[in-house]
Amino acid sequence: MKNTSRRDFLKLSTNSLLACAGLLGIGGLIRYLSYQFDPTPPGEFEIGPAGDYPLHSRTILAHIPAIVIHDEEGLHVRSLTCTHLGCTVEERNFGFECPCHSSRYDPVGQVIKGPAGSALRKLRVVKSEDGNLHVFTG
Amino acid sequence: MSTTPQPTSNRKDRLLLHRLLFATPVAIVLLMAMVLTTPNVQASPRVQSTATPTPQPTPTFDVQRLEKPVIADDNSEQVQKGSIIYWGICMACHGDQGQGLTEEWRDAFGPQDRNCWQKGCHGTDHPPEGFLIPKKMVIPAVAGSSRLTRFKNAQELHDFILANMPWWDPGQLTDEEAWQVTSYILRLHEVMPLEFELKESNASAIRTQYAVPQPGDDRPAILTLTGILALAGIGMIAQDLRKNRPRATERPNFFHHLHPPTVPALQARLRYTLGVGGLAAFLCLILLVTGILEMFYYIPVPEHAAVSVEVIASLVPFGALIRNLHFWSAQALMIVMSIHLLRVVLTGAYARHRRLNYLIGLGMLLLVTLLDFTGYVLRWDEGIRWALIVGTNLLKTVPWIGDSLYQLAVGGPEPALSSLERFYTWHIFVLTLAMIVLGAWHIFRVRRDGGVAVPPPEQRKEEARITRFDLVRREVSIMLVAGVILLFVSTMFPAPIERPITQNTIDVVAGAHTARAPWFFLWVQQLLKFGDPFLWGVALPVLLLIGLALLPYMLPQAGSHELGRWFPRGNRLAQVILIAIASMLIVLTVLSILPDLQL
């Protein structure tokens, strides 16, 4: 580099400056495109009093989507969103099946057959003061 | 369905009510008769009502008008069947003209029964088989101005009827019968165009609050256009076949100037080029024009997107043609470009200085795949829901940058308004612009590289050359043939559209909608069934693309003397690899649809 002429130096610095400007521009573009103005979807759903879900009942709540299972172990709620890539699973006689890539789950949501790697998510349920149950998807 | 006859009641006065209540089985019989005699159905079929006793007229109501269904002056089978179901099931409460349970309509029941629901004799303690007249409910009119306001369009009305009517036995109607009743009610309501068959793919376009202009019949015009183009194509081909055609007396126009004055005849053999490059350019042109035309009606907002597509496809004059042309050209483009890629590799045409153009072409194939996917998503109907969710969730699986990629693509926490806007912008502008730039560059490189790959002049056996006039004429012939085929396919096979995605109505009901990827991604859907989503759904397809891009750089090429023919020895390895990849994709695609075929 000791033979660098003034001309070469000028050329190198100009190009580096242009490259910096370009990088800054790309950074700005990514920030511009990453802004979110859509509201975050609701993470809490009120599903009515526990009495609506008697023992041995299975109730699908399509809007969450989730299933309320009331068995010997008590009342628990499983998400119906497939843990593989997010399709909503459908109820079958063996449990649940995903329409997208045929993952299978047993009636309480454990994986029978992949590609799904983990069980249907267990959702937190809280009983509020007015006696209604609240399900949290977050 | 029967009420126990009261010994003290006046049977003559009750006859009419009974007649209405017994009408359902009669209607079913009539419906079956209609189905059996459908080919002979005329504008006003004779419906026999001899199975029921003749009603006795009451002084205030002309019961003559109840004798048989009022069939609309529309010889659509759907409306006619709907009128019979309405007459048999709905009319008792909603009136023969859709007026609802008005005072006048109550008169039709006779003095004994007209106030029955107030006295409570048909209350809830009635035997379960009985016909309960709702006591407290207001029975609404279903036709007339400012009626049906709770439904935006025919789809919503249909869904309501299917789920809730008849009110004493909801779910009794089949989906098809619900369409028939919807169709008839909207005719009564005078918003339904004539000769219009309601179905899931067009019902959102029919609003309940205003009548859309009567759509015309496009077929004669399309047929004429197809015929003219076919004749022109025959003319073009005939010109090409003429032996002593005048040479070079024509003045070259703009399109001629896009070509060299003459090209070696070797470069213009259809059995070598297959004409796929030119065909792809032609399809791009059709896509550009039809796409711009669709933009005049398409609304990229979730509540309106699928509805506006249905409007284009079912109401706008030639809208169906334009949409179907756009759809079929896009599908054809995928196939034509894949054949082009196969052709280039199987003839070794990418050798040496043409390597760069091979990469540009591969880039265009990628762009078209993205264009096809974004265009598919723009439908924003139930058919695309899962492909959209899977496609965007796949981005999340990429290590490190997954969430940012998802953010960039979806523009929010989940697919919604911003995502549709983004897909729209990518589809109509960014990707299209990139496609135009790469396309122009690609064609420029073909010229710069000396045209279609053939051996250098000193190694050629055939010296003949053809003029650009002949070349352009051949190109136009292929375009005309392709155009006629496209017009035919677009008339015969409509592009898919399903019901709009609406908020919070996700069907968990099994098999309500297919969860199928678009056909060009079926192989990815099959791969995803194997396991880890990132490895199978992202890494493998990307590696495949990189592998294709490296073919000309890593593997032996065809020698220059071998160019211009199929299966040269020089690049055998690349040929084998490409055929293996192509077969693998086809096998995966077949595997993914196999379970459905067996069902």
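Residues numbered from 1 in each chain as written. Chains lettered and ligands numbered in written order. Predicted model: local features only at pLDDT ≥ 70, side-chain atom pairs only at ≥ 80, totals over all residues.

Moving on: the overall build of chain A. Along the backbone of chain A there are 1 helix and 10 strands. Listed N to C, the secondary structure of chain A is α-β-β-β-β-β-β-β-β-β-β in terms of helices and strands. In summary, chain A has a C-alpha radius of gyration of 27 Å against a globular reference of 14 Å for 138 residues, an excess of more than 25%. Projected onto the principal axes, the alpha-carbon positions of chain A cover approximately 85 × 40 × 20 Å. (Helix = DSSP H or I, 4+ residues; strand = E, 2+ residues; numbered from the N terminus. Rg over C-alpha atoms; globule rule 2.2 N^0.38 Å.)

Attention now goes to the overall build of chain B. A count of helical and extended segments in chain B gives 21 helices and 2 strands. Buried residues in chain B amount to 37% of all 599 residues. Relative to all contacts within chain B whose residues are 6 or more apart in sequence, the contacts with residues 24 or more apart total 75%. (Buried ≥ 20, exposed ≤ 12 C-beta atoms within 10 Å, placed from the backbone. Contact = placed C-beta atoms within 7 Å.)

Most often, soluble globular proteins have nonpolar side chains that are buried together. In this structure, C87 and C100 of chain A together with Y86, V181, L283, L333 and V390 of chain B are the most contacted members of the largest nonpolar core, which totals 132 residues. With 14 residues, the single largest contributor to this core is helix 13 (residues 319–346) of chain B. Apart from the residues lying within four places of it in its own chain, the contact partners of Y86 of chain B are M91, V181 and Y184 of chain B. (Core = buried A, V, L, I, M, F, W, Y, C linked by C-beta atoms within 7 Å.)

Taken together, the contact between chain A and chain B spans 25 residues of the former and 26 residues of the latter. When its residues are assigned to classes, the side of chain A that touches chain B shows 12 nonpolar, 10 polar and 3 charged. (Nonpolar A, V, L, I, M, F, W, Y, C, P; charged D, E, K, R; others polar.)

A separate point is the domain arrangement of chain B. Domain assignment breaks chain B into domain 1 (11–205) and domain 2 (219–504). When its residues are assigned to classes, the side of domain 1 of chain B that touches domain 2 of chain B shows 1 nonpolar, 4 polar and 1 charged. (Domains from an automatic or database assignment.)

Moving on, we get to the sheet that holds strand 9 (residues 122–127) of chain A. Residue and element names in this part refer to chain A. In space, the 6 strands of this open sheet follow the order 1-10-9-4-3-2, with antiparallel pairing throughout. With partners counted over all chains shown, the strands left at the sheet margins are strand 1 (44–49) and strand 2 (57–61), one partner each. In this sheet, neighbouring strand axes are inclined to one another by 30 degrees on average, regardless of whether the strands run parallel or antiparallel. Two elements, strand 4 (residues 74–79) and strand 9, share 2 bridges in a ladder whose sense is antiparallel. Bridge assignment links V77 to a residue of strand 9, and that residue is L123. (Pairing = 2+ DSSP bridges. Axes fitted to C-alpha atoms, helices over the stretch in contact; angles between N-to-C directions.)

Okay, the packing of helix 13 of chain B against helix 14 (residues 355–377) of chain B next. Residue and element names in this part refer to chain B. Running from N to C, helix 13 and helix 14 cross one another at 160 degrees; their axes reach a closest spacing of 10 Å. Comparing their axes, helix 14 and helix 13 come out roughly antiparallel. As for the relative orientation of helix 13 and helix 14, their crossing is left-handed in sense. Taking contact as the criterion, the partners of A330, L333, M334, M337, L341 and V344 in helix 13 are, on helix 14, Y358, G361, M364, L365, V368, D372 and G375. By residue class, the composition of the contact of helix 13 with helix 14 is 10 nonpolar, 2 polar and 1 charged. (Parallel < 35°, antiparallel > 145°, perpendicular 65-115°, else oblique. Left-handed = near helix turned anticlockwise from the far one by under 90°.)

Turning our attention to the confidence of the model for chain B. Residues and elements named next belong to chain B. In this model, chain B carries an average pLDDT of 79, and 78% of its residues clear a pLDDT of 70 or more. Taken together, the stretch residues 1–17 has pLDDT below 50 and engages in 29 contacts with residues farther than four places along the chain or on a different chain. Here residues 29–59 scores under 50 on pLDDT; set against residues more than four positions off or in separate chains, the count is 40 contacts. Across the interface, the model reports ipTM at 0.81; the global pTM reads 0.81. (pLDDT = per-residue confidence, 0-100.)

With that settled, consider helix 6 (residues 154–164) of chain B. Residues and elements named next belong to chain B. Taken together, the buried positions of helix 6 are occupied by A154, Q155, L157, H158 and I161. Here the buried residues of helix 6 occupy an arc of 160 degrees about the axis, which is enough to place them on one side. Exposed and facing more than 90 degrees away from the buried side of helix 6 are A163 and N164. Of the surrounding secondary structure, the elements contacted by the buried residues of helix 6 are helix 7 (175–188). (Arc of directions from axis to C-beta.)

Residues and elements named next belong to chain A. Burial analysis of strand 9 places just 0 of its 6 residues in the buried class, which makes it a mostly uncovered element. The pairing of strand 9 with strand 10 (residues 132–136) spans 4 bridges and is antiparallel. Opposite R124, over in strand 10, you have F136 as the bridge partner. Two successive antiparallel strands, strand 9 and strand 10, enclose a turn made up of 4 residues, where G131 displays a positive phi of approximately 90 degrees.

Right, let's get into helix 15 (residues 385–396) of chain B. Residue and element names in this part refer to chain B. For helix 15, spanning 12 residues, the distance from its first C-alpha to its last is 17 Å, which sits close to the expected 16 Å at 1.5 Å a residue. The buried fraction of helix 15 amounts to 10 of the 12 residues, a majority that puts the element mostly inside the structure. When helix 15 is considered as a whole, its buried residues turn out to be R385, W386, A387, L388, I389, V390, G391, T392, N393 and L394. (Expected span 1.5 Å × (residues − 1).)

The next point concerns the sheet that holds strand 6 (residues 95–97) of chain A. Ordered in space as 5-6-7-8 (chain A), the 4 strands form an open sheet in which the pairing is antiparallel. Looking at which strands have only one partner, the edges of the open sheet turn out to be strand 5 (90–92) and strand 8 (111–113) of chain A.

With an omega dihedral of -15 degrees, the bond running from I64 of chain A to P65 of chain A counts as a cis peptide bond. As for its position among the elements, P65 of chain A is in the loop between strand 2 and strand 3 (66–71). Notably, R352 of chain B is not glycine yet its phi reads approximately 50 degrees, a positive angle. Inspection of the secondary structure assignment puts R352 of chain B in the loop between helix 13 and helix 14. A count of 12 C-beta atoms within 10 Å places R352 of chain B in the exposed class. Backbone geometry at W400 of chain B places phi at a positive 65 degrees, although glycine is not the residue there. Tracing the backbone shows W400 of chain B in the loop between helix 15 and helix 16 (402–410).

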